[in-house]
Amino acid sequence: EAQVTQNPRYLITVTGKKLTVTCSQNMNHEYMSWYRQDPGLGLRQIYYSMNVEVTDKGDVPEGYKVSRKEKRNFPLILESPSPNQTSLYFCASSLHPTPHNEQFFGPGTRLTVL
Amino acid sequence: KNEVEQSPQNLTAQEGEFITINCSYSVGISALHWLQQHPGGGIVSLFMLSSGKKKHGRLIATINIQEKHSSLHITASHPRDSAVYICAVRRGGGADGLTFGKGTHLIIQP
């Protein structure tokens, strides 16, 4: 089944403890992206990647890192999480980095930073 | 002012009613997406538009590039249509990400 998977789905952690949220897609998509969703603010893009070893900042990249060493994986790294990074995170992918490709979303990761 | 504005923010309707959700944007775009977020949180893509009109089942999406406006219509609405509907635009012609509206929370009552 074609899908985008994220792990973990739920995570409660403490300030400063490094964490990684994994994202993997099995559709051989070139474009992958991370978003966060917050009440009243909607979805906002954190980082995106147009292909292996190519990443770029979105609208809210501060406090996050990403890497794209393999086409299928695009992990989101929080080196020193803070409470303002408590949010619902979505990974998404599309076939090509062009405007007309459908985006496929992962199921979301709900992160709480205490 | 947000680059992507949706209206209404909340909408409650009776089963069978014709539903319209609006999206206005203030930037040049290469494509507009309509997304549906289920009560459980999952997001699915409904439509991508760069011009004209698209139809899928009971859902119809239109876009007017000159007026920078798009509408999502649901005909013969059903309680299972209850969800948050999100408009998102892709700016320019490059591989920039999506800029999202804040969503319209739709409840269809039986």
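Structure: above.
Presented here is a report on the structure given in the accompanying data block. None of the values given here were measured: they were computed from a predicted structure. (Residues numbered from 1 in each chain as written. Chains lettered and ligands numbered in written order. Predicted model: local features only at pLDDT ≥ 70, side-chain atom pairs only at ≥ 80, totals over all residues. Heavy atoms only, no water.)

1. Some details on the packing of aromatic side chains
Overall, the coordinates contain four aromatic pairs over all chains when judged by the stated rule. The interplanar angle of 85° and the centroid separation of 5.1 Å between the aromatic rings of Tyr35 of chain A and Phe100 of chain B together place this pair among those described as edge-to-face. In this pair, Tyr35 of chain A is assigned in strand β4 (residues 31-38) and Phe100 of chain B in strand β10 (residues 98-100), connecting two distinct chains. On the basis of relative accessibility, which here comes to 0%, the residue Tyr35 of chain A falls in the buried class. (Phe/Tyr/Trp six-rings, centres within 6.5 Å; stacked < 30°, edge-to-face > 60°. Helix = DSSP H or I, 4+ residues; strand = E, 2+ residues; numbered from the N terminus. Buried < 20%, exposed > 50% of the residue type's maximum accessible area, 1.4 Å probe, protein only.)

2. Things to note about the nonpolar core
Residues Leu32 and Trp34 of chain B are the most contacted members of the largest nonpolar core, which totals 23 residues. Of all the secondary-structure elements, those providing two or more residues to this core are β3 (19-25), β4 (29-37), β5 (43-49), β7 (59-64), β8 (69-74), β9 (83-91) and β11 (104-109) of chain B. If you look at the next biggest cluster of nonpolar residues, it comprises 19 residues, including Val21, Cys23, Ile46 and Cys91 of chain A. (Core = buried A, V, L, I, M, F, W, Y, C linked by side-chain atoms within 4.5 Å.)

3. Examining the sheet that holds β3 of chain B
All names here are of chain B. Reading across the sheet, the five strands line up as β1-β3-β8-β7-β6 and stay open at both edges, with antiparallel pairing between neighbours. At either end of the open sheet lies a strand with only one pairing partner, and these are β1 (4-7) and β6 (52-56). Averaged over all neighbouring strand pairs, the angle between strand axes comes to 15°, with direction disregarded. Bridging between β3 and β8 involves six bridges; their strand directions are antiparallel. Looking across to β8, one finds that Ile21 is bridged to Leu72. (Pairing = 2+ DSSP bridges. Axes fitted to C-alpha atoms, helices over the stretch in contact; angles between N-to-C directions.)

4. Thoughts on the sheet that holds strand β3 (residues 19-25) of chain A
All names here are of chain A. Ordered by their spatial adjacency, four strands build an open sheet running β1-β3-β8-β7, and the pairing between neighbours is antiparallel. Both edges of this open sheet fall to β1 (4-7) and β7 (65-66), since each of them pairs with a single strand only. As judged from the three bridges shared by β3 and strand β8 (residues 76-78), these two strands associate in the antiparallel manner. Bridge pairing in β8 links Leu19 to Leu78.

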